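Architecture at a glance
Read off the chains here:
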Amino acid sequence: MIQVQALHRSTSIAPTEQGHQRNQSLNVLAVHNTQNSPMHRTLDIYGIDDNRKALSQLNQDKYHVLIKKNHSGNSDLTHGAYVSKQGEDGYGNFNWLNPKGLMKYQTPDVAVISFTNKDQLTQLGETYSKTPLPDFLTKVLNAEACLDTDLYRRNESLAQFVSPIDSTQHGYLISPNTPYCDAKVLDAYVNAPETLKNSKHGIILCTYAIHPGIQSSFLESRNHQSGSERLEASQKTPQKMIDEKTQIDSLTSILSLKQEHLPQLEKLRQETVQHLRNVYAVNEHDNTRMFFHFPVAEKTATLHLHTWVNKGDHPLNEPRSFDLDAIIAHLKSGKEISDLVLDRNGGTYFLPTSDSIKDISGIPFKGVRGNVLNLPL
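First, a word on scope: everything that follows refers to the structure included in this document. Just so it is clear, the model here is predicted, and its values are computed rather than measured.

Looking at the packing of aromatic side chains
Applying the stated criterion across every chain yields a total of eight aromatic pairs. Relative to Y349, the ring of F115 has its centre 6.2 Å away and its plane inclined at 65 degrees; by these criteria the two rings are edge-to-face. Placement of the pair is F115 in the loop between β6 (109-114) and α4 (118-129) and Y349 in strand β13 (residues 348-352), with a sequence separation of 234 residues. Judged by relative accessible area, which is 2%, F115 ranks as buried. The class of Y349 is buried, set by a relative accessible area of 1%. A ring pair is formed by F294 and Y349, whose centres lie 6.5 Å apart and whose planes are at 85 degrees; its orientation type is edge-to-face. Here F294 is found in the loop between β10 (288-293) and β11 (304-309), whereas its partner Y349 is found in strand β13, with 55 residues between them in sequence. Overall, F294 belongs to the buried group, its relative accessible area being 0%.

Here it is as structure tokens:
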């Protein structure tokens, strides 16, 4: 242990300081600041680390996470997590990522899908066209009993149809994304939807494109026109068959979108914003996202828009999320959606290994690698 004489404090700071407090010796146990400067030598004397560089990095992380941990310090994913994204969420503002989403994306490894040319995307589009509508959507259109139709019966404002601008365009059915909501949350959608934006759950909607040729007793009951082709969930009718009968191509993913769909997409955006205001009391102060996923699984291969309000997201979900505004802007520029897909991440997409997308016939699956897009837990 060495003795180092302390520097005098300025009398302008401590004018009443007693003389015996000056020129005293301090015990210095360790020197932490190696740079040879007067300031660092002063900090050494008082045993203070100059950790400004480390402190300056505390708010540089892209994501800040609050999560429950056990006594061993391991994160408990079953309770979800509160996430704040740098540059997007306000200081100290955290949004909840529910357990289902957290456990899906917070994984050691990911599946790698890499598109290198438009032919691969054309083949994937053909595969999607051979799939039927999701069972629940067919049941909704036929007004058959299911979780979603029961929800609309309890509060009809939860389902809104964005009608097509002409007979060649798809309409869009806006409604809560029920698979990600438990019974208690669904009760809140029914009884007090305006409270959800300030709850930890936020608002999660899913909007499906509805082919104009499909018959729907549900839409007709709400004074909307529908087509002549009645579907049955048990028959698994390929969407391509509807296309051939009506001479109107189904919208199975963002790959189906063209310049001719721009007016309907702009109407979709406008009426979604109005729906959020009218039903959920959402305003400009809320964090609202509207996006499509790509690529998608065959079982969900009907174009659908996700709308989130005040909801946390996972880094692995973001690269395959295409904002509605970005889609509209890209189409307005005269470019094809395939260009947007190939430009994003160099055409490479990372997915949970549990996702069935990697198993689609002909999709360019490149194997499994470590997940570098995990949240810092």
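Structural notes on the sheet that holds β11
Taken in spatial order, the six strands make up an open sheet running β7-β8-β9-β11-β10-β12, and their pairing is antiparallel. With one partner strand each, in any of the chains shown, β7 (160-162) and β12 (321-323) form the two edges of the open sheet. Averaged over all adjacent pairs, the angle separating strand axes in this sheet is 30 degrees, with direction ignored. With three bridges connecting them, β10 and β12 associate as antiparallel partners. Following the sheet pairing, F292 is matched in β12 by F322. The sheet contacts of helix α10 (residues 262-280) involve β7, β8 (171-176), β9 (203-210), β10 and β11, and relative to β8 the element is tilted by about 30 degrees.

Section: the sheet that holds strand β3 (residues 63-66)
Strand pairing in a sheet relies on backbone hydrogen bonds, with the paired strands running either antiparallel or parallel. With antiparallel pairing, the three strands of this open sheet are ordered in space as β3-β4-β5. The open sheet is flanked by β3 and β5 (95-97), the only strands paired with a single partner. Strand-to-strand twist of the sheet, defined as the mean angle between neighbouring strand axes without regard to direction, takes the value 35 degrees.

Observations regarding the pattern of salt bridges
Under the defined criterion, the tally for this structure stands at 18 salt bridges. Two residues, K85 and E318, come together in a salt bridge whose shortest N-O distance is 2.7 Å. Of this pair, K85 sits in strand β4 (residues 81-85) while E318 sits in the loop between β11 and β12, and the two are 233 residues apart along the sequence. There is no split in this pair, since K85 and E318 are both buried. One salt bridge connects R230 with E144, and the closest N-O pair in it is separated by 3.8 Å. Of this pair, R230 sits in the loop between α8 (217-221) and α9 (239-246) while E144 is found in the loop between α5 (135-141) and α6 (147-154), placing the two residues 86 residues apart along the sequence.

Here is what the cut-offs are and how they apply
- Residues numbered from 1 in each chain as written.
- Predicted model: local features only at pLDDT ≥ 70, side-chain atom pairs only at ≥ 80, totals over all residues.
- Heavy atoms only, no water.
- Phe/Tyr/Trp six-rings, centres within 6.5 Å; stacked < 30°, edge-to-face > 60°.
- Helix = DSSP H or I, 4+ residues; strand = E, 2+ residues; numbered from the N terminus.
- Buried < 20%, exposed > 50% of the residue type's maximum accessible area, 1.4 Å probe, protein only.
- Pairing = 2+ DSSP bridges.
- Axes fitted to C-alpha atoms, helices over the stretch in contact; angles between N-to-C directions.
- Contact = heavy atoms within 4.5 Å.
- Salt bridge = Lys/Arg side-chain N within 4 Å of Asp/Glu carboxyl O.

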